[in-house]
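Reading the structure
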Amino acid sequence: MWRELIDEHTRQARFAPPADEHELQRVEESLGHLLPDDLAKLLGETDGVVDANGYNLVFSADQLLQGNLEMRTYPALKRLYMAFDQLLFFSDAPGDGNLFGYALVPEGRPDIFVWDHRTDNRRCVAPSLEHFIADWLSGRIRL
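Each chain has its residues counted from 1, running along the sequence as written. It should be noted that, the model being predicted, local features are given only for residues of pLDDT at least 70 and side-chain atom pairs only at 80 or more, the latter also being counted only at that level, while totals for whole chains, interfaces and linings use all residues. Only hydrogens and water are set aside when side-chain values are computed; all heavy atoms of the structure are taken into account.

In the nomenclature of an unreviewed UniProt entry, the protein is known as SMI1/KNR4 family protein of Actinomadura violacea.

Turning our eyes to something else, we now look at the side chain of N68. Starting at the N terminus, helices and strands are each numbered in turn, a helix being any DSSP run of H or I of at least four residues and a strand any DSSP run of E of at least two. Note that N68 resides in helix α4 (residues 61-73). The rule is simple: take the accessible area with a 1.4 Å probe, protein chains only, and divide by the maximum for that residue type; under 20% is buried, over 50% is exposed, in between is partly exposed. Overall, the relative accessible area of 2% leaves N68 in the buried class. Once you skip the residues sitting within four places of it in the chain, N68 turns out to touch L31, L87, L88 and F89. Residue contacts follow a heavy-atom distance rule, with two residues in contact if any of their heavy atoms lie within 4.5 Å.

The subject of this paragraph is the UniProt feature "domain: Knr4/Smi1-like" (unreviewed entry) in the protein. UniProt positions are given in the numbering used here, feature names are shortened, and annotations may be inferred rather than shown by experiment. The UniProt feature table records "domain: Knr4/Smi1-like" (unreviewed entry) at residues 18-135. Secondary structure across residues 18-135 comprises 39% helix and 21% strand; the distance between its end C-alpha atoms is 24 Å.

All buried positions along helix α6 (residues 129-137) are accounted for by L129, F132, I133, A134, D135 and W136. Downstream of α6 by a residue or two, G139 has a phi angle that is positive, lying close to 80°.

Here the focus is the pattern of salt bridges. Should their charged atoms come close, side chains of opposite charge can pair. We define a salt bridge as a contact between a side-chain nitrogen of Lys or Arg and a carboxyl oxygen of Asp or Glu at a distance within 4 Å. In total, this model carries 7 salt bridges according to the counting rule given. Here D135 ties to R140 by a salt bridge, and the two come within 2.8 Å at their closest N and O atoms. When salt bridges that share partners are traced, they join E23, R26 and D62 into one network.

Moving on to helix α2 (residues 21-31). Those residues of α2 not exposed but buried are E23, L24, V27, E28 and L31. The arc enclosing the buried residues of α2, seen along the axis, measures out at 135°, which places them on a common side. Residues of α2 that are exposed and point more than 90 degrees away from the buried face comprise E21, H22 and E29. Where α2 begins, the capping side chain belongs to D20, and its oxygen is found 3.0 Å from the backbone nitrogen of H22. Phi turns positive one or two residues past the end of α2, at G32, with a value near 85°. Relevant arc is that of directions from the helix axis to the C-beta atoms, nothing else. Whenever a nitrogen or oxygen atom comes within 3.5 Å of another N or O atom, the pair is scored as a polar contact, on the condition that within protein one atom can donate a hydrogen and the other can accept it, and that pairs from neighbouring residues in sequence are kept only if both atoms are in side chains.

What follows deals with unusual backbone geometry. Going from V105 to P106, the amide bond is cis rather than trans, its omega being -5°. If you check the backbone angles, D120 has positive phi at about 65° while not being a glycine. Tracing the sequence through the fold places D120 in the loop between β6 (112-115) and β7 (122-126). On the basis of relative accessibility, which here comes to 11%, the residue D120 falls in the buried class.

In this section: the sheet that holds strand β3 (residues 56-58). Pairing within the open sheet is antiparallel, and its 3 strands lie in the order β1-β2-β3. With one partner strand each, in any of the chains shown, β1 (14-15) and β3 form the two edges of the open sheet. Strands qualify as paired when DSSP identifies two bridges or more between them. In the sheet, β1 pairs with strand β2 (residues 49-50) via 2 bridges, with the strands oriented antiparallel. Counted as the bridge partner of R14 is V50 from β2.

Structural data, given as structure tokens:
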């Protein structure tokens, strides 16, 4: 389903082999929470998606784990920004420094937010991962 959705909007995306169940469990255990169902299903189809310019439309499971751990624990970030423990980043804005992710509270919320690294603003940009992918690839999401 996810590959087809992405292919509807671009034929230039590169897909990785699927993440296995053990890798997804390792991510969840290391982060201390479950992955949203739609993100887990996407990673189960392709362990990350890279666009034609080499940017991550969706991080691999390992990139997702490492990036979120860094954002949550890096001392300099803790001094500059509100806590990131309630966000799960899965994508970045090419060349911008902004990140896209889920709000983990309340649990099960499907909305996708953008975090602006300049202002620490967090705003909703899509009601679901499916909408985020379609809107990002079609240029409807503006930062």
